[in-house]
Amino acid sequence: MLTRDDIARVLGLKGNVPDISVAAVTEDSRRVVPDTLFVAVRGTATDGHAYIQQAVEAGAVAVLGDKQNIGTDMPCPYICHENPRRAAALLAHELAANPSREMCVVGITGTNGKTSTAFLVQQILRQSGNECARFGTLGYDVGGVQLEAPHTTPFGEDLANLFAKAKQANVRYVALEVSSHALAQDRVAGIAFNGGAFTNLSQDHLDFHEDMETYLQAKLKLFELVREEHARDGGTWPCFTVVNQEDPCAGRFASVLPDQCIRYGEGGQVLATGLRLLADGAQFVLETPWGSCDARIHLVGRHNVQNALCAAAIGGALGLPVETLAAGLESLPSVPGRFEAVHAGQDFQVIVDYAHTDDGLRNALQAARAVCDGRILCVFGCGGDRDTGKRPKMGAVAAELADYVVATSDNPRTEDPCRILLDVEVGLQRGGKRKNEDYVVIESRREAIFHAIEQAQPGDLVLIAGKGHENYQILGTERIHFDDKEQALEALAERIQ
């Protein structure tokens, strides 16, 4: 339970705190139980203040929100705080006894590569004999138990519960994917970060962040949350940051904690020399400040070599020997939905990938080109009600690097799919592609996948990009089951018959 004094201390309030005791905190009125503090957040679609009566009827003892003059007709005490979502996260972690302070938490941010890097970090730590929880896009792994992931980075109250579960499972390390939305919304407040890693920055989410500088500033917040060493069992965890030296924004991130920063990639301290890109991964010499050794990964493409270097830099910063880093990298066979092969006995390749930005699509197509001597057929689309500026950019990348393009729907949401596809076509045509010759537009994603596989010839590669591991499609406000891999297997079965 949190008392009035606890709430005032955690939130830095000197007054305006009623005499209450709180056993739970939530932003969701449907989760309210007796002795809950309901946090009313004003979002873009709904305002939590509209659900106060419902929360009180369910047992809320008070409401926390950002309204200065709430009035006297409130059905329960009201606590005013300038940032309710941050307050919710801080109080949730306090209720859980701040479990992250007893672990080594590494946050990984960037437009692309967060998931693969988190998987690689987890494997490296397991190779060293340490259990590592992983929270991110593909789910929440706590001591080998898999939990579904509704968000890349959960909301504060859910993160506090996840860290509490990790503590109960005696987990010592956590690799946490940190999205720009989570940073901008203070969902990660209350977490004691020992390390932060930056993979790259390219255009995405500008429907939310407005411009690239705002997007960058959100990412930088992770590095500003990295704290000095946290004690545990009489020892200390290191404090560090890891930065992709090849990204133009590297200096901005490295300058936050310059003395604790490790840079990877060309011009950095952690390098891949003698690189050989293979059809089933890559081989290289892993060069680090802690020594060098031969290394191999089973993830395809140069971008995955970069992800491996990021993970190796994190492991090295944690004091692991270079041989353990290399063994951990090699032990990961694949990452679901990340350049994942679909096999049904066909004489051409089919790959499913999560690439949903121009940079991500470029990485996937370059990886495809490195392992394919035939044509590359690319199926992709762009999400509706999201950043419109990246649509022609993705079209231009597909025009440049694919031989044949099938433009289709991704998650159109409430936007007209035809309008989205027209934006994509701008990039395709500027890139020299001719409609119905070099590219076609097929709104139905299922029909698009079937068409691409029907067109493939021996030695070709069909890249189905945009959704990767996702097993749903959002049409209007309805979420329907849709899995690119399942659709590809059906199309292959029909073709092979």
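Located above this text is the structure these notes cover.
Quick summary incoming for the structure in this document. Computed from a predicted structure; not experimentally measured. (Residues numbered from 1 in each chain as written. Predicted model: local features only at pLDDT ≥ 70, side-chain atom pairs only at ≥ 80, totals over all residues. Heavy atoms only, no water.)

**Let's talk about the overall build of the protein chain**
Here is step 1 of the chain: Within the protein chain, the secondary structure is distributed over 16 helices and 25 strands.
Here is step 2 of the chain: Relative to the compact-globule value of 23 Å for 497 residues, the protein chain shows a C-alpha radius of gyration of 24 Å, a close match.
Here is step 3 of the chain: In the protein chain, buried positions account for 58% of the 497 residues.
Here is step 4 of the chain: When the accessible area of the protein chain is evaluated, it comes to approximately 20200 Å², of which 45% is carbon and sulfur surface.
Here is step 5 of the chain: Looking at the protein chain, you have 46 positive and 66 negative side-chain charges, and the mean spots of the two groups are 1 Å apart. (Helix = DSSP H or I, 4+ residues; strand = E, 2+ residues; numbered from the N terminus. Rg over C-alpha atoms; globule rule 2.2 N^0.38 Å. Buried < 20%, exposed > 50% of the residue type's maximum accessible area, 1.4 Å probe, protein only. Areas by Shrake-Rupley, 256 points an atom, 1.4 Å probe, with all protein chains shown as cover. Lys, Arg positive; Asp, Glu negative; His and termini not counted. Charge placed at Lys NZ, Arg CZ, Asp CG, Glu CD.)

**Considering the nonpolar core**
Taken as a class, soluble globular proteins show a tendency for nonpolar side chains to be buried jointly.
Here is step 1 of the chain: Val242, Val270, Leu286, Ile297, Ile314 and Leu329 are the most contacted members of the largest nonpolar core, which totals 43 residues.
Here is step 2 of the chain: Considering every element that reaches this core, the biggest residue donor is helix α10 (residues 302–317), with nine residues.
Here is step 3 of the chain: When sequence neighbours within four positions are dropped, the list of residues in contact with Val242 reads Gly196, Ala197, Phe198, Phe223, Ile262, Tyr264, Cys310, Ala313 and Ile314. (Core = buried A, V, L, I, M, F, W, Y, C linked by side-chain atoms within 4.5 Å. Contact = heavy atoms within 4.5 Å.)

**Brief notes about the sheet that holds strand β4 (residues 78–80)**
Backbone hydrogen bonds are what pair the strands of a sheet, in a parallel or an antiparallel way.
Here is step 1 of the chain: In space, the four strands of this open sheet follow the order β1-β2-β3-β4, with parallel pairing throughout. Bordering the open sheet on either side are β1 (24–26) and β4, each of which pairs with just one other strand. Recorded for the sheet is a direction-independent mean angle of 25 degrees between the axes of neighbouring strands.
Here is step 2 of the chain: Pairing between strand β2 (residues 36–39) and strand β3 (residues 60–65): four bridges, direction parallel. (Pairing = 2+ DSSP bridges. Axes fitted to C-alpha atoms, helices over the stretch in contact; angles between N-to-C directions.)

**Digging into the pattern of salt bridges**
Here is step 1 of the chain: A complete count under the given rule lists 28 salt bridges for this structure.
Here is step 2 of the chain: In this structure, Asp141 engages Arg126 in a salt bridge whose closest nitrogen and oxygen atoms are separated by 3.4 Å. Remark: Arg126 occurs in helix α4 (residues 114–127) and Asp141 occurs in strand β7 (residues 139–142); sequence separation between them is 15 residues.
Here is step 3 of the chain: One salt-bridge network, in which partners are shared between bridges, spans Arg126, Glu131, Arg134 and Asp141. (Salt bridge = Lys/Arg side-chain N within 4 Å of Asp/Glu carboxyl O.)

**As for the pairing of strand β19 (residues 349–353)**
Here is step 1 of the chain: Among the five residues that make up β19, four are buried, leaving the element largely enclosed by the rest of the structure.
Here is step 2 of the chain: Bridging between strand β18 (residues 340–341) and β19 involves two bridges; their strand directions are antiparallel. Across the sheet, the residue bridging to Glu340 is Val352, located in β19.
Here is step 3 of the chain: Note: β19 against strand β23 (residues 461–465), five bridges, orientation parallel. Among the inter-strand pairings, Ile351 is bridged to a residue of β23, identified as Leu463.

**So, helix α5 (residues 156–168)**
Here is step 1 of the chain: Taking 1.5 Å as the rise per residue, α5 with 13 residues should run 18 Å; its terminal C-alpha atoms sit 18 Å apart, in good agreement.
Here is step 2 of the chain: Gly156, Glu157, Leu159, Ala160, Leu162, Phe163, Ala164 and Ala166 are the residues of α5 that are buried.
Here is step 3 of the chain: Asn170 sits one or two residues past α5 and shows a positive phi near 60 degrees. (Expected span 1.5 Å × (residues − 1).)

**Notes on the environment of Thr414**
Here is step 1 of the chain: Structurally, Thr414 is set in the loop between β21 (404–407) and α14 (417–430).
Here is step 2 of the chain: Taking C-alpha positions, Thr414 is 50 Å from Glu323, a pair spaced 91 residues apart along the chain.
Here is step 3 of the chain: Apart from residues no more than four positions distant in its own chain, Thr414 is found in contact with Asp385, Gly476 and Thr477.

**Describing the side chain of Lys390**
Here is step 1 of the chain: Residue placement: Lys390 occurs in helix α13 (residues 390–401).
Here is step 2 of the chain: Among the polar contacts listed, one links the side chain of Lys390 to the backbone oxygen of His356, at a separation of 2.8 Å. (Polar contact = N/O pair within 3.5 Å; in protein donor to acceptor, adjacent residues only side chain to side chain.)

**Here's the deal with the sheet that holds strand β20 (residues 376–380)**
Here is step 1 of the chain: Strand order in the open sheet made by the six strands is β18-β19-β23-β20-β21-β22, with mixed pairing throughout. Either end of the sheet is taken by a strand with one partner, and the two such strands are β18 and β22 (439–441).
Here is step 2 of the chain: When β20 meets β21, the two strands line up parallel, connected through four bridges. Across the sheet, the residue bridging to Val379 is Val406, located in β21.
Here is step 3 of the chain: Packing against the sheet, α14 makes contact with β20, β21 and β22, and its axis sits at approximately 170 degrees to β22.

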